[in-house]
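Inside the fold
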Amino acid sequence: MAPALAASRRVGDDEPVTTEVTRRIKPGHEAAYEAFLEGIGAAARQSPGFLGVEIFRPPSAAAGDYRIVYRFDSRANLQRWLDSPVHAEWLARAEPHAAAPMQERFLTGLESWFTLPVQPGAPPPPPYKMAVLTWATIFPLITAIVIATAPLIGGLPVVLRLAITTLIAVPVMTWVVMPRVTRLLRGWLYPRR
């Protein structure tokens, strides 16, 4: 059974959660591990609440770890995936190719909006940087949405206009704006030590 999300990381069951898995692979096993990644990714896509997976590959097996980032719509659905027999079977298939134990890290809230740094296990940006960057991106985005939709929804009650505005803003922030902005500002978010 997969380890439960740490109590310090627990969030409500209805909040999105991200897990980062890092794994060092034996040199010469890259092709087999790529097949594993394709298979476990396809299996995860069938799991309830799955939102996406990103794979960050090292230049070579000898040069670093593979990082797999899974996103689920809730802690409960992520835990269901981690505890599933399908997940366990796929992890067992990866073992012959592993040069080191798998490491997992769980992110919730604003942390999961930020593209993860190149170095596995690096902490998320400081909260003040996440807050500044979130405000600096969401303010112009919401302003643009309000201006663009005003002719269409300007006559609706304010709560309904806000609902429509946020219905547009949240997916655009999550899948379009924040990935690009965090890549652009990576040096500020994750300064080299």
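A brief report on the enclosed structure follows.

Procedures and definitions
- Residues numbered from 1 in each chain as written.
- Predicted model: local features only at pLDDT ≥ 70, side-chain atom pairs only at ≥ 80, totals over all residues.
- Heavy atoms only, no water.
- Helix = DSSP H or I, 4+ residues; strand = E, 2+ residues; numbered from the N terminus.
- Buried < 20%, exposed > 50% of the residue type's maximum accessible area, 1.4 Å probe, protein only.
- Contact = heavy atoms within 4.5 Å.
- Areas by Shrake-Rupley, 256 points an atom, 1.4 Å probe, with all protein chains shown as cover.
- Axes fitted to C-alpha atoms, helices over the stretch in contact; angles between N-to-C directions.
- Parallel < 35°, antiparallel > 145°, perpendicular 65-115°, else oblique.
- Nonpolar A, V, L, I, M, F, W, Y, C, P; charged D, E, K, R; others polar.
- 1 Å grid on protein atoms, 1.4 Å probe; cavity = no way out; pocket = protein on both sides within 12 Å on 5 of 7 lines; lining within 4 Å.
- Points joined across faces, edges and corners; volume = space filled by probe spheres on them.
- Left-handed = near helix turned anticlockwise from the far one by under 90°.
- Salt bridge = Lys/Arg side-chain N within 4 Å of Asp/Glu carboxyl O.

1. What to know about the overall build of the protein
A count of helices and strands for the protein gives 6 helices and 4 strands. When the helices and strands of the protein are placed in sequence order, the string is β-α-β-β-α-α-β-α-α-α. Across the 193 residues that make up the protein, the buried fraction comes to 40%. Long-range pairs, those at least 24 residues apart, make up 75% of the contacts in the protein with a sequence separation of at least 6. Here the protein displays about 10800 Å² of accessible surface, and carbon together with sulfur accounts for 65% of that area.

2. Here we look at the packing of helix H1 (residues 30–45) against helix H3 (residues 85–94)
Axis separation between H1 and H3 bottoms out at 10 Å; the angle between their running directions is 175°. As judged from the angle between their axes, H1 and H3 are roughly antiparallel. Contacts between H1 and H3 pair Tyr33, Phe36, Gly39, Ile40 and Ala43 from the former with Val86, His87, Trp90, Leu91 and Ala94 from the latter. For the contact of H1 with H3, the class distribution of residues is 8 nonpolar, 2 polar and no charged.

3. What about the side chain of threonine 165?
Within the secondary structure layout, threonine 165 lies in helix H5 (residues 158–184). When sequence neighbours within four positions are dropped, the list of residues in contact with threonine 165 reads Ile142, Ile145 and Val146.

4. A short note on the environment of alanine 150
Assignment of secondary structure puts alanine 150 in helix H4 (residues 127–153). Along the chain, alanine 150 and arginine 161 lie 11 residues apart, while their C-alpha atoms are 8.8 Å from each other.

5. As for empty space enclosed by the protein
As enumerated under the stated definition, the model contains 1 cavity of 30 Å³ or more in all. In this structure, the largest cavity encloses a volume near 90 Å³. Counting only elements with at least two residues in the lining of the largest cavity, the list comes to strand E1 (17–23), H1, strand E3 (66–72) and H3. Here the lining of the largest cavity takes 4 residues from H1, the largest share from any one element. Classifying every residue of the lining of the largest cavity by side-chain character gives 10 nonpolar, 1 polar and 2 charged.

6. Points about the packing of H4 against H5
Viewed as axis vectors pointing N to C, H4 and H5 meet at an angle of 135°, and their least axial separation amounts to 9 Å. Comparing the axis directions of H4 and H5 gives the class oblique. Read as a crossing pair, H4 and H5 show a hand that is right-handed. Judged by residue contacts, Leu133, Thr134, Thr137, Ile138, Leu141, Ile142, Ile145, Val146, Thr149 and Ile153 of H4 engage Arg161, Ile164, Thr165, Ile168, Ala169, Val172, Met173, Val177, Met178, Val181 and Thr182 from H5. In terms of residue class, the contact of H4 with H5 is built from 15 nonpolar, 5 polar and 1 charged.

7. Some details on the environment of isoleucine 168
Mapped onto the elements, isoleucine 168 comes out in helix H5. Residue isoleucine 168 is classed as partly exposed on the basis of its relative accessible area, which comes to 33%.

8. Description of the side chain of serine 47
Take serine 47: it is sitting in the loop between H1 and strand E2 (50–56). Judged by relative accessible area, serine 47 falls into the buried class, the value being 12%.

9. A look at the pattern of salt bridges
Throughout the structure, instances matching the rule amount to 5 salt bridges. The shortest N-O distance in the salt bridge between arginine 67 and glutamate 20 comes to 3.0 Å. Taken together, the residues span a long stretch of sequence, with arginine 67 in strand E3 and glutamate 20 in strand E1 at a distance of 47 residues. The class of glutamate 20 is buried, set by a relative accessible area of 2%. In this structure, glutamate 54 engages arginine 71 in a salt bridge whose closest nitrogen and oxygen atoms are separated by 2.5 Å. A residue pair is termed long-range when its members are at least 10 positions apart, and glutamate 54 in strand E2 and arginine 71 in strand E3 qualify at 17 residues.

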